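Notes for the structure review
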Protein chains: 2
Amino acid sequence: MHQIDTTVTAGHAEQHMKGSEILTDIVIGMSDGLTVPFALAAGLSGAVGDNHLNLIWIAGLAEIAAGSIAMGLGGYLAGKTEVDHYNSELKKEYDEVEKVPDVERHEVKEFFSGLGLSEEVQEKAVEEMTKDKDKWVDFMMKYELGLDKPDPQRARKSAFNIGFSYVVGGLIPLSPYFFVTDGITGLRISAIITLCCLFIFGYFKSKMTGVNPINGAIRVMVIGALAAGCAFAVAKLIQA
Amino acid sequence: MHQIDTTVTAGHAEQHMKGSEILTDIVIGMSDGLTVPFALAAGLSGAVGDNHLNLIWIAGLAEIAAGSIAMGLGGYLAGKTEVDHYNSELKKEYDEVEKVPDVERHEVKEFFSGLGLSEEVQEKAVEEMTKDKDKWVDFMMKYELGLDKPDPQRARKSAFNIGFSYVVGGLIPLSPYFFVTDGITGLRISAIITLCCLFIFGYFKSKMTGVNPINGAIRVMVIGALAAGCAFAVAKLIQA
């Protein structure tokens, strides 16, 4: 669900990305952190009695611990997987260029033919591309396999940013329940604060992906509200 | 966290993807569905008394409702965003090809120069690429912006598959608590079943991403165990 497009090409754009990657992680972690603990607490607020309000915090904080680890480490794993996958494919391509150069040369030609270039330009391009082995393999990685070289440091940093943002995001909807004596009042305050936050995060998330920010903000807010409504209904049904 | 590479090029490969896309959705939904409700139930099992075991189901089912909606609709949103983004960029590229053809022609040349082709082949390739406007725009979309045409139907289907798999995945760790009379016995059975399932799903997830499946399976299982352990510790600490 967290597919914020971060494709960039070179130089200035890459510098620009460093800040934006952190922002992406924060927005991902925080908007998920806001949604699920909010919905869980909402569900429990209607189902546990007012003298068991502490169960809302216990469940909420347990969820935050579980969710932040699952998302943070999950993000780390995805990043590490990407690096491993890239390296294993890189090795394979070097082997293939060495062992079956004709097959690989044909694949380069297919790329240029796929672009719709003439036979003459295809031939020349293939000849030039396959002169240098490193250049050739780089080309195959990027345009045959569609793989960009991933940053090996990124996985670790990203895991921390997402996990931490999930914790911060999750504490927002949970906090009102510490200060009230009945679940429904807690739910009301939690809903107002959380839906406002979801709107703000939806706004920035949409801006980052180039979608109309107001539409995007409303969509994110509606998802949060639906999740909370459903959790509330489910908990009420079982308890009844 | 759900970055399973699904880059394909054409024809047979695309057919092959239909089945694999559904599998990807199922594995994503189920491995997350297994992890968080498992950890939450584990956390609560140590914190609620044995005469309040029903709270584990209530919280667990509320979490499943919240999580499946957040993930399913979140996936839908991500898919829709991708389609919107593609269409808005497509319109922009058509405009630019019309209004500033020289700038766009220069960008095509930069692509071929970036590949390391000679000046002569660059010139010829640019000439051929920019003859047909549709071909030109397609090229810019794919190689300047790195955008593949997304399937507009995909978002809806994916949302359903992920959400549904989350529910199925979430019911697995929760089910033992329906049949026991004390939380710790429930936790033991739940942990055995869930860690086995996480191993199996981690295995397939890794196979799909081309990583060593045994390593990948162990990693996914360890994340689940860590999340559950942390949730258990957090819940115990607050309750104490």
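Residues numbered from 1 in each chain as written. Chains lettered and ligands numbered in written order. Predicted model: local features only at pLDDT ≥ 70, side-chain atom pairs only at ≥ 80, totals over all residues. Heavy atoms only, no water.

Applicable threshold: UniProt positions are given in the numbering used here, feature names are shortened, and annotations may be inferred rather than shown by experiment.
You'll find chain A entered in an unreviewed UniProt entry as Iron transporter, with Puia dinghuensis given as the organism. UniProt annotates chain A under Subcellular location (unreviewed entry) with the comment "Endomembrane system".

**Quick word on the relation of the copies chain B and chain A**
The following threshold applies: Least squares is the method for superposing the copies, and the C-alpha atoms it fits come from residues with pLDDT of at least 70 in both. Contact between two residues is taken to exist if any of their heavy atoms lie within 4.5 Å; hydrogens are not considered.
Once chain B is rotated about the relating axis by 180 degrees and shifted along it by 0.1 Å, it coincides with chain A to within an RMSD of 0.1 Å. The superposition operator between the copies reduces to a two-fold rotation axis. A shared interface surface links the copies, since 97% of the contact residues of chain B are contact residues in chain A too.

**Remarks on the interface of chain B and chain A**
You'll often see interface size given as the accessible area lost when the parts meet. Selection criterion: Note on definitions: buried area is the accessible-area loss of two parts on being combined, 1.4 Å probe, summed for both. For salt bridges, the criterion is a side-chain nitrogen of Lys or Arg within 4 Å of an Asp or Glu carboxyl oxygen.
Facing 69 residues of chain B, the contacting portion of chain A comprises 69 residues. Carbon and sulfur atoms make up 74% of the surface buried where chain B meets chain A, a total of about 5700 Å² over both sides. Where chain B packs against chain A, one counts 4 salt bridges. With a shortest N-O distance of 3.6 Å, Arg219 of chain A and Asp84 of chain B are connected by a salt bridge.

**Some thoughts on the packing of aromatic side chains**
This is how it is decided: To pair, rings of Phe, Tyr and Trp, with the six-membered ring standing in for Trp, must have centres within 6.5 Å; the planes then decide the type, stacked if under 30 degrees apart, edge-to-face if over 60, and tilted in the middle. Put simply, DSSP H or I for four residues or longer makes a helix, DSSP E for two residues or longer makes a strand, and each gets a number counted from the N terminus. The buried label applies to any residue whose accessible area, calculated with a 1.4 Å probe on protein chains only, is under 20% of its type's maximum; exposed applies above 50%, and partly exposed to all values in between.
Taken as a whole and judged by the stated rule, the model has 19 aromatic pairs over all chains. A ring pair is formed by Trp57 of chain B and Phe178 of chain B, whose centres lie 4.9 Å apart and whose planes are at 25 degrees; its orientation type is stacked. On the criterion of sequence distance, the pair formed by Trp57 of chain B in helix α2 (residues 54–99) and Phe178 of chain B in the loop between α6 (154–174) and α7 (183–209) is long-range, its members being 121 residues apart. Judged by relative accessible area, Phe178 of chain B falls into the partly exposed class, the value being 37%. The interplanar angle of 45 degrees and the centroid separation of 5.3 Å between the aromatic rings of Phe111 of chain B and Tyr143 of chain B together place this pair among those described as tilted. With Phe111 of chain B in helix α3 (residues 101–115) and Tyr143 of chain B in helix α5 (residues 133–144), this residue pair connects regions lying 32 residues apart in the sequence. Overall, the relative accessible area of 11% leaves Phe111 of chain B in the buried class. Since its relative accessible area comes to 18%, Tyr143 of chain B is described here as buried. Among the aromatic residues, those joined into a ring-pair cluster are Phe111, Phe112, Phe139 and Tyr143 of chain A together with Phe111, Phe112, Phe139 and Tyr143 of chain B.

**Thoughts on the pattern of salt bridges**
Per the counting criterion, the structure on display carries 19 salt bridges over all chains. The salt bridge partner of Lys92 of chain A is Glu89 of chain A, with a shortest N-O separation of 3.3 Å. Taken together, the residues span about one helical turn, with Lys92 of chain A and Glu89 of chain A both in helix α2 (residues 54–99) at a distance of 3 residues. Looking at Glu89 of chain A, the relative accessible area reads 14%, which means it is buried. The shortest N-O distance in the salt bridge between Asp148 of chain B and Lys142 of chain B comes to 4.0 Å.

**Focus: the UniProt feature "transmembrane region" (unreviewed entry) in chain A**
According to UniProt, the positions carrying the feature "transmembrane region" (unreviewed entry) are residues 26–49, 55–78, 159–179, 185–204 and 216–238 of chain A. Secondary structure within residues 185–204 of chain A divides into 100% helix and 0% strand; the distance between the first and last C-alpha atoms comes to 29 Å.

**Quick look at helix α4 (residues 119–129) of chain B**
The line we're drawing: This arc describes the spread of directions from the helix axis toward the C-beta atoms.
Considered for burial, the residues of α4 of chain B that qualify are Val121, Gln122, Ala125, Val126, Glu128 and Met129 of chain B. Angular distribution of buried residues about the axis of α4 of chain B spans 165 degrees; they occupy a single face of the element.

**Comments concerning the environment of Ser165 of chain B**
Mapped onto the secondary structure, Ser165 of chain B falls in helix α6. Those residues in contact with Ser165 of chain B that sit more than four places away from it in its chain are Asp25, Ile26, Gly29 and Met30 of chain B.

**Considerations on the nonpolar core**
Going by this rule: In this text, buried Ala, Val, Leu, Ile, Met, Phe, Trp, Tyr and Cys residues form a nonpolar core when linked through side-chain atoms within 4.5 Å.
Formed by 66 residues in total, the largest nonpolar core has its most connected members in Leu40, Leu44 and Ile56 of chain A together with Leu40, Leu44 and Ile56 of chain B. Apart from residues no more than four positions distant in its own chain, Ile56 of chain A is found in contact with Ala41, Leu44, Ser45, Val48, Leu174 and Tyr177 of chain A. Of all hydrophobic cores here, the second largest spans 36 residues; its members include Ala125 of chain A together with Phe112, Val137 and Met141 of chain B.

**Some details on the packing of helix α7 (residues 183–209) of chain A against helix α8 (residues 213–239) of chain A**
Residues and elements named next belong to chain A. Heads up, the condition is: Helix axes are fitted to C-alpha atoms over the stretch in contact, other axes to C-alpha atoms as well, and angles between N-to-C directions run from 0 to 180 degrees. With the far helix as reference, a near helix turned anticlockwise by less than a right angle produces a left-handed crossing, and one turned clockwise produces a right-handed crossing. When residues are sorted by character, Ala, Val, Leu, Ile, Met, Phe, Trp, Tyr, Cys and Pro go into the nonpolar class, Asp, Glu, Lys and Arg into the charged class, and all the rest, Gly among them, into the polar class.
Where α7 contacts α8, the axes come no closer than 7 Å and their chain directions differ by 145 degrees. When the axes of α7 and α8 are compared, the crossing they make is right-handed. Facing α7, whose interface residues are Ile184, Leu187, Leu195, Leu198, Phe199, Gly202, Tyr203, Ser206 and Lys207, α8 presents Pro213, Ile214, Gly216, Ala217, Ile218, Val220, Met221, Gly224, Ala225 and Phe232. Counted by class, the contact of α7 with α8 contains 14 nonpolar, 4 polar and 1 charged residues.

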